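Each chain, written out:
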Amino acid sequence: MARRIAGERRLITTSRDLAGAEPHASLAERTMSKVGWRLLPFLLLLYIVAWFDRVNISFAALQMNADLGFSKTVYAFGAGVFFVSYAAFELPSNLILARVGARLWIARIMITWGVLSVAMLFVKGPLSYYALRFLLGLAEAGFLPGVIYYLSNWYPSSARARAVSWFMLAIPLAPVIGGPLAGVILGLDGWHGLDGWQWLFLLEGLPAVLLGVVVLFYLTDAPEQARWLEPAEREWLAATVRAEQTAAERRHAIGLGAALKHPTVWLLCLILFACQTGSYGLQFWVPLIVQGMAGFTNLEIGLISAIPYLAAAIGMILIGASSDRSGERLLHVAIPTAVGAVGFVVSAFYTSPVPGLIALSIAAVGVISTRGPFWALPTRFLNGRAAAGGIALINLIASIGGFVGPYVVGFLTDLTGSYAAGMLFLALLMLLGALLCVPLRGAKVLAEESV
């Protein structure tokens, strides 16, 4: 505690020196407000588009499965194979980003994934479906951990959970916006000779290409280069972040190789794997689960499917803000994860529209709202290439859940004729994820601060 207070005093003294007589709090507040308004809305937009192109297959399936004769297992395998290549290229992609800079590499990621998302309209059967989903995962690999690493270079640790929560608000917002939008686009079925699901891939893939070009001109790689900040603001932010990273490196001295083998990193991998399995197991099946509840139209399915994610968006902001206020991280991960497990259990047995949607909403809040507090943990003891590699490894292992969740739910649904077994499988994994937070509370690298 004494070291922490002394470190904070040094940061405040440095900031005052850089800003002349201006009070530290005023400079910090003004600087972080500018950073927030400059970066977070744009990064949120990019991640919304990423989620559109990653999971619009769940809405395309409402028409595509019947048109192409796909079983639930075929659909689920193609939905999940995205994450096989995504995981395989995650670590090298993030290391490249750390070397060449976020601006250039995020632009490359977005342009290539946008082109491949548009190419999905040419799917003719299982093989082309699997191949394009695999290539799409390869193209998008590194985007999420790259942005997490990028934000760690712009936000002091005390504000990081809230910043990550605002960025990851895209996870629940994308279905809220994309569900109704997909319902409208599917209504273009037959227009100019294209099926509705083909229009969906075309119209939701093009924005990624255009935004990828914008990234090249809009993003700034580091605070030192931010000409949109005043000199005092630029110097204060660079000094503050650099001092925190230097202190973490001196305290832990963890290099890239050690980070990839560190037991705390691997515990974080397993916790996020459980949450991601639940998240994608839910995400890729909600439209089809809603379709099975009653005779809804595609637009109604899109609107109703947005309800669980609207609840998750509210939960994400509230939990991220609570975590930053208290400085506590792990309970803000463990408790929602356990609550999400309860939601999956209830959804397995209550399938009528109202109780079913309430249960799915509880599950969505549980699996999604933990992201801000969770991603504030790795950068407490990792920085530089170790942070880039550790964050990528965590997301790599978690991304495997993007294959496991959708595929197992599809397989169990084909096997049993109901979604109940799949929901119970997701509940079990979520419960295990919550329990894995217990040994993390004793982790030495996290015990230096309140978690």
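Attention here is on the structure that accompanies the text. One numbering rule holds for all chains: residues counted from 1, following each sequence as written. Restriction of local features to residues with pLDDT of at least 70 applies here, the model being predicted, together with a cutoff of 80 or more for giving and counting side-chain atom pairs; totals for whole chains, interfaces and linings are based on all residues. Only hydrogens and water are removed before side-chain values are computed, so all heavy atoms of the structure are retained for them.

### A few points about the packing of aromatic side chains
Given two aromatic rings, their pairing is described by the distance between the two centres and the angle made by the two planes. Each Phe, Tyr or Trp ring (for Trp, its six-membered ring) is paired with any other whose centre lies within 6.5 Å, and the angle between the two planes then decides the class: stacked below 30 degrees, edge-to-face above 60, tilted in between. Applying the stated rule across the entire model yields 24 aromatic pairs. Between Y47 and F143 the ring centres are 5.9 Å apart and the planes differ by 40°, which places this aromatic pair in the tilted class. Of the two residues, Y47 is situated in helix α2 (residues 24-55) and F143 in helix α7 (residues 143-152); the sequence distance between them amounts to 96 residues. Arranged with centres 6.1 Å apart and planes meeting at 80°, the rings of F77 and Y407 form a pair that is edge-to-face. Taken as a pair, F77 in helix α4 (residues 72-100) and Y407 in helix α20 (residues 384-416) lie far apart in primary sequence, 330 residues in all. The cut-offs for exposure are 20% and 50% of the maximum accessible area for each residue type, with area from a 1.4 Å probe on protein chains only; residues under the lower value are buried, those over the upper are exposed, and the others partly exposed. Using a relative accessible area of 24% as the deciding quantity, one classes Y407 as partly exposed. Following the ring pairs from residue to residue traces out a cluster consisting of Y47, W51, F82, F83, Y86, W113, F143, F167 and Y280. A ring is scored as having a charge over it whenever the NZ atom of a lysine or the CZ atom of an arginine sits within 6 Å of its centre and within 35 degrees of its normal. The positively charged end of R38 is found above the aromatic ring belonging to Y218, 4.1 Å away from the centroid. A helix here means a DSSP run of H or I that spans at least four residues, while a strand means a run of E at least two residues long, and both kinds are numbered starting from the N terminus.

### Section: the side chain of T337
Note that T337 resides in helix α17 (residues 330-349). Classification of T337 by relative accessible area gives buried; the value is 0%. In protein, a polar contact means a hydrogen-donor-capable atom and an acceptor-capable atom, both N or O and within 3.5 Å, with residues adjacent in sequence counting only if both atoms are side-chain atoms; elsewhere, any N or O pair within 3.5 Å suffices. A distance of 2.6 Å separates a polar atom in the side chain of T337 from the backbone oxygen of V333. Here a residue-residue contact requires only that any non-hydrogen atoms of the pair lie within 4.5 Å. The contact partners of T337, leaving out residues within four places of it in the chain, are C275, G366, T370, M430, G433 and A434.

### Focus on the nonpolar core
Within soluble globular proteins, side chains that are nonpolar generally end up buried alongside one another. Ranked by internal contacts, the top residues of the largest apolar core, which has 154 residues, are Y47, I106, W113, Y129, F143, F167 and M168. Non-local contacts of Y129, meaning those with residues more than four positions away in its chain, are made with I57, M64, F70, V74, Y75, G78, A79, M120 and V123. Nonpolar cores are built from buried Ala, Val, Leu, Ile, Met, Phe, Trp, Tyr and Cys residues. Side-chain atoms within 4.5 Å join them into one set.

### Considerations on helix α13 (residues 263-283)
Along an α-helix, residues three or four positions apart point the same way, because every turn accommodates 3.6 residues. For α13, built from 21 residues, the straight-helix expectation of 30 Å at 1.5 Å per residue is met to within 8% by its first-to-last C-alpha distance of 30 Å. By the criterion of burial, α13 is predominantly enclosed, with 18 of the 21 residues buried. Here the expected length of a helix is defined as 1.5 Å per residue gap, with one fewer gap than residues.

### Topic: the packing of helix α3 (residues 57-68) against helix α14 (residues 286-293)
For the pair α3 and α14, the least separation of the axes is 8 Å and the interaxial angle reads 45°. Considering their axes alone, α3 and α14 lie oblique with respect to each other. Residues S58, F59 and L62 of α3 pack against P287, L288 and Q291 of α14. Looking at the contact of α3 with α14, its residues break down into 4 nonpolar, 2 polar and no charged. Structural elements are reduced to axes, namely lines fitted to C-alpha atoms, with helices fitted over the stretch in contact, and the angle between N-to-C directions of any two is expressed from 0 to 180 degrees. We call two directions roughly parallel when the angle between them is under 35 degrees, roughly antiparallel when it is over 145, roughly perpendicular when it lies between 65 and 115, and oblique otherwise. All residues other than Ala, Val, Leu, Ile, Met, Phe, Trp, Tyr, Cys, Pro, Asp, Glu, Lys and Arg, Gly among them, are scored as polar; the first ten of these are nonpolar and the last four charged.

### Considerations on the pattern of salt bridges
Where side chains of opposite charge bring their charged atoms close, a pairing between them can arise. Just to be clear on terms, a salt bridge is a Lys or Arg side-chain nitrogen sitting within 4 Å of an Asp or Glu carboxyl oxygen. According to the stated counting rule, one finds 8 salt bridges in the structure shown. As a salt-bridge pair, K34 and E233 come within 3.0 Å of each other at their nearest N and O atoms. Of the two residues, K34 sits in helix α2 while E233 sits in helix α11 (residues 231-252), which places them 199 residues apart along the sequence. Take K34: its relative accessible area is 28%, and that puts it in the partly exposed class. Between D324 and R329 there is a salt bridge; the shortest N-O distance is 2.9 Å. By the burial criterion, D324 is buried, and R329 matches it.

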